[in-house]
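Read off the chains here:
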Amino acid sequence: MTETLAAASAPEVGASPAPGPLIHARGLTKRFGELTAVDAIDFDVAPGESFGFLGPNGAGKTSAMRMIGCVSPMSAGTLQVLGMDPIADGPRIRARLGVVPQQDTLDTELTVRENLLLYGRYFGLSRAECAKRADELLDFAQLTERAGDQVEHMSGGMKRRLTIARSLINEPDLLLLDEPTTGLDPQARHLLWDRLYRLKQRGVTLVLTTHYMDEAEQLCDRLVVMDKAKIVAEGSPRELIERYSTREVTELRFAAGVQETLDGQLEGLAERIERLPDRVLLYADDGEAAVAAAHARGLEPETVLVRRSSLEDVFLRLTGRSLAD
Amino acid sequence: MALAPAYSGIGRVFEHRLVLYLKTFRASIFSSFLTPILFLTAMGLGLGAYVDANQSLGGVSYLAFLAPGLLVATCMQVAAFEATFPIMAGLVWSRVYHAMYATPIRGSDIALGNLAWMGFRLLLVASIFAIVIVLFGAATSPLIVLAIPVAMLTGLAFAAPIAAFAATQRTPEKFAAIFRFGITPLFLFSGTFYPVESLPAIVQPLAWLTPLYHGIVLARGLSLGTIGVSPTIPLALVHLAILLGFIVVGTFFAVRLISARLVRG
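Residues numbered from 1 in each chain as written. Chains lettered and ligands numbered in written order. Predicted model: local features only at pLDDT ≥ 70, side-chain atom pairs only at ≥ 80, totals over all residues. Heavy atoms only, no water.

### Structural notes on the sheet that holds strand E4 (residues 76-81) of chain A
Residue and element names in this part refer to chain A.
Phase 1: Strands sit in the order E2-E1-E4 across an open sheet of 3 strands; the sheet is antiparallel. Every interior strand has two partners, whereas the edge strands, strand E2 (35-45) and E4, have only one. Sheet twist, expressed as the mean angle between neighbouring strand axes with direction ignored, is 25 degrees.
Phase 2: Pairing of strand E1 (residues 23-32) with E4 involves 5 bridges; the strand directions are antiparallel. Opposite alanine 25, over in E4, you have leucine 79 as the bridge partner. (Pairing = 2+ DSSP bridges. Helix = DSSP H or I, 4+ residues; strand = E, 2+ residues; numbered from the N terminus. Axes fitted to C-alpha atoms, helices over the stretch in contact; angles between N-to-C directions.)

Below, the structure is given as structure tokens:
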């Protein structure tokens, strides 16, 4: 496995030695009738990079991924994937992509191993080559012992692992993952992150969508935040936190009914203050100082939590706290 | 990764159906033999004994008259099934066609690979049926061999347009209507069990609108060895052309609608 994947991710890229970005998008737009799902977004993904689309449901992440995956034509703009045009070269591009869709699309009547073998055949691999790669991938996905089991009877986490293994059968140059861990329990998510991290270390270029901030922080070198079909911010997780939040966040919880009486008493305690129904958030680089300042004003919160700012704070600031749908 | 020159997306899609089929191969082959045996025994021998007493078919035994009709009608039923539920499964339920579409396989490969599979499956069903007919002594001409491809083409004349329709559906509700108001009435009124000429003169032209009638006339002419007289060669070619017309038009729409469905996601 190590050998084959390393070979796949090495700079030699077969037919077209693309020195530029693996994905190049300018003004990329997708419309469905009246609805604009993706509204003129610009981004590039470099070889070896882990790139994330972050955003609430309905922000346009999946539509963007389907255009990159050459299964949904763009409505306007420029898009190049692996240096080729998705409209003219769809099958040639798809031959070098690995795709993990949001919904599982496995053959549930077939066994784990049969799913891998057949999928390899779609890429034109010989049966012998499919068998060799299937065994390596079963090992990588920790499914060797389940190789002969029918997919129908497997857990959600195992199906996801199989879907990821399947997406690697053609040793792709670019792996597209649409919400790879949505709906999984924490154990299954961590196992998947571990596997994806290994791929990343081997130099496989990952593009993923997620609305889990911890997933984005774990896996993405760089990400864009999408909201209402547009990109609203771009950068590394650390850059985004520095730009859109403070180093620390202090959460104050008051006894029932107290928070409503605090008008005018919070101003100036921090760079930015957010009042949620159940607690007050103080955005300040020094959380302890903010707590001291609050106590000095005679405020008596029931609980105080000082924590490091996370991508979630950035996300909520940029995309708002109201539900998207 | 460059694709091998011999790469055939249609072949890969066909292979997928074959692998699935081999899972239930034995049960399927068993029922492929059982269906003609049951029908030919009950209707051909049982009912036939009464019909033959009247000499109403001009010297031809009812069994020999019925057998090619059932052969073609069975292919129609198999085709209607293969073109509905498996297509919906791939596009809606398991979504495996979307998984294929993420590879070098194209939408047209998925449509044509499935139709090619249906043709193969129909050939298998028709061959088994024809063997049973011969074993029953119900074929009066060696031309029965040619009734096999005729039955397959008749099946495809249904499969292609039905597959196109199936690609537009999100639930299988309307499939029941296809069987109830399409397949079953055709089975009963297209000349499988009695000559269409026995029906009232006003409804007889309706038979011409369906592929089943044309397939049965051809298969019966071959199995009874009357082709050249009934139907005449020019008429036989017209029947054949109508079947091919259904297949070509149906395939065109199946490719378009299945491709469109894959793009929509």
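### Digging into the nonpolar core
Generally speaking, soluble globular proteins have nonpolar side chains that are buried together.
Phase 1: Counting residues in hydrophobic clusters, the biggest one holds 157 residues, and the most contacted among them are Ile23, Phe43, Phe53, Val207 and Leu311 of chain A together with Ile110 of chain B.
Phase 2: Dropping the residues within four chain positions of it, phenylalanine 43 of chain A is found in contact with Ile23, His24, Ala25, Arg26, Leu28, Phe51, Phe53, Ile68 and Ile231 of chain A.
Phase 3: Ranked by size, the runner-up nonpolar core spans 12 residues in total, among them Ala270, Ala284, Ala290 and Ala294 of chain A. (Core = buried A, V, L, I, M, F, W, Y, C linked by side-chain atoms within 4.5 Å. Buried < 20%, exposed > 50% of the residue type's maximum accessible area, 1.4 Å probe, protein only. Contact = heavy atoms within 4.5 Å.)

### Considerations on the side chain of histidine 16 of chain B
Phase 1: Among the secondary structure elements, histidine 16 of chain B is positioned in helix H1 (residues 9-23).
Phase 2: We classify histidine 16 of chain B as buried; its relative accessible area is 1%.
Phase 3: Setting aside its immediate chain neighbours within four residues, histidine 16 of chain B contacts Asp107, Leu118 and Tyr122 of chain A together with Val96, Tyr97 and Met100 of chain B.

### What to know about the interface of chain B and chain A
Phase 1: Across the boundary between the two partners, chain B contributes 24 residues, which contact 28 residues of chain A.
Phase 2: Of the roughly 2400 Å² buried at the junction of chain B and chain A (both faces included), carbon and sulfur atoms supply 59%.
Phase 3: At the surface where chain B touches chain A, the tally comes to 3 salt bridges.
Phase 4: The residue glutamate 114 of chain A makes a salt bridge to lysine 23 of chain B at a minimum N-O spacing of 2.9 Å.
Phase 5: Here chain B is connected to chain A by 12 residue pairs in polar contact (both at pLDDT 80 or more).
Phase 6: Secondary-structure elements contributing two or more residues to the side of chain B that touches chain A are H1, helix H4 (96-101) and helix H10 (233-264) of chain B.
Phase 7: With 6 residues, H1 of chain B is the single largest residue contributor to the side of chain B that touches chain A.
Phase 8: Residue composition of the side of chain B that touches chain A, grouped by class: 14 nonpolar, 4 polar and 6 charged. (Buried area = accessible area lost by both parts, 1.4 Å probe. Salt bridge = Lys/Arg side-chain N within 4 Å of Asp/Glu carboxyl O. Polar contact = N/O pair within 3.5 Å; in protein donor to acceptor, adjacent residues only side chain to side chain. Nonpolar A, V, L, I, M, F, W, Y, C, P; charged D, E, K, R; others polar.)

### A few points about the environment of serine 56 of chain B
Residue and element names in this part refer to chain B.
Phase 1: Structurally, serine 56 is set in the loop between helix H2 (25-53) and helix H3 (62-93).
Phase 2: Note on serine 56: relative accessible area 52%, which makes it exposed.
Phase 3: Residues serine 56 and isoleucine 183 lie 127 residues apart in sequence; the distance between their C-alpha atoms is 27 Å.

### Some points on the confidence of the model for chain B
Phase 1: On average, chain B scores 94 in pLDDT, and the residues at 70 or more come to 98%.
Phase 2: When mean pLDDT is taken per element in chain B, helix H6 (residues 144-166) of chain B scores highest with 98 and helix H8 (residues 204-208) of chain B scores lowest with 87. (pLDDT = per-residue confidence, 0-100.)

### Observations concerning the packing of aromatic side chains
Phase 1: In total, this model carries 17 aromatic pairs over all chains according to the counting rule given.
Phase 2: Here tryptophan 208 of chain B and tyrosine 213 of chain B contribute two aromatic rings whose centre-to-centre distance is 6.0 Å and whose plane-to-plane angle is 50 degrees, an arrangement assigned as tilted.
Phase 3: Among the residues examined, tryptophan 208 of chain B registers a relative accessible area of 35% and is labelled partly exposed.
Phase 4: Looking at tyrosine 213 of chain B, the relative accessible area reads 12%, which means it is buried.
Phase 5: Ring pairing ties together the aromatic residues Phe14, Tyr21, Phe25, Trp117 and Phe120 of chain B, which thus form one cluster.
Phase 6: The aromatic ring of tyrosine 101 of chain B is capped on one face by arginine 94 of chain A, whose charged end is 4.7 Å from the ring centroid.
Phase 7: Against the face of tyrosine 212 of chain A rests arginine 189 of chain A, its NZ or CZ located 4.0 Å from the ring centre. (Phe/Tyr/Trp six-rings, centres within 6.5 Å; stacked < 30°, edge-to-face > 60°. Lys NZ or Arg CZ within 6 Å of the ring centre and 35° of its normal.)

### Here we look at the packing of helix H5 (residues 107-135) of chain B against H10 of chain B
Residues and elements named next belong to chain B.
Phase 1: Packing of H5 against H10 brings their axes to within 8 Å, and their N-to-C directions diverge by 130 degrees. Taken as axis vectors, H5 and H10 run oblique relative to one another. Relative to H10, H5 is oriented so that their crossing is right-handed. Taking contact as the criterion, the partners of Gly107, Ser108, Ile110, Ala111, Leu112 and Leu115 in H5 are, on H10, Thr251, Ala254, Val255, Ile258, Ser259 and Leu262. (Parallel < 35°, antiparallel > 145°, perpendicular 65-115°, else oblique. Left-handed = near helix turned anticlockwise from the far one by under 90°.)

### A few points about the sheet that holds strand E6 (residues 174-178) of chain A
Residue and element names in this part refer to chain A.
Phase 1: Taking strand neighbours across the sheet as the criterion, the 6 strands line up as E5-E6-E7-E3-E8-E9 in an open arrangement whose pairing is mixed. Strand pairing shows two members of the sheet lacking a second neighbour, strand E5 (97-100) and strand E9 (230-235), which therefore form its edges. Neighbouring strand axes in the sheet, compared pairwise and without regard to direction, differ in orientation by 15 degrees on average.
Phase 2: Taken together, the 5 bridges between E6 and strand E7 (residues 205-210) define a ladder with parallel strand orientation. Paired with leucine 174 across the bridge in E7 is threonine 205.
Phase 3: On top of the sheet, helix H9 (residues 237-244) reaches strand E8 (222-227) and E9; it is set at about 105 degrees to E9, its chief contact.

### Points about the domain arrangement of chain A
When the parts come together, some accessible area is lost, and that loss is often what is quoted as the size of the interface.
Phase 1: Domains assigned within chain A are domain 1 (2-236) and domain 2 (246-308).
Phase 2: Taking only C-alpha atoms into account, the centre of domain 1 of chain A sits 42 Å from that of domain 2 of chain A. (Domains from an automatic or database assignment.)

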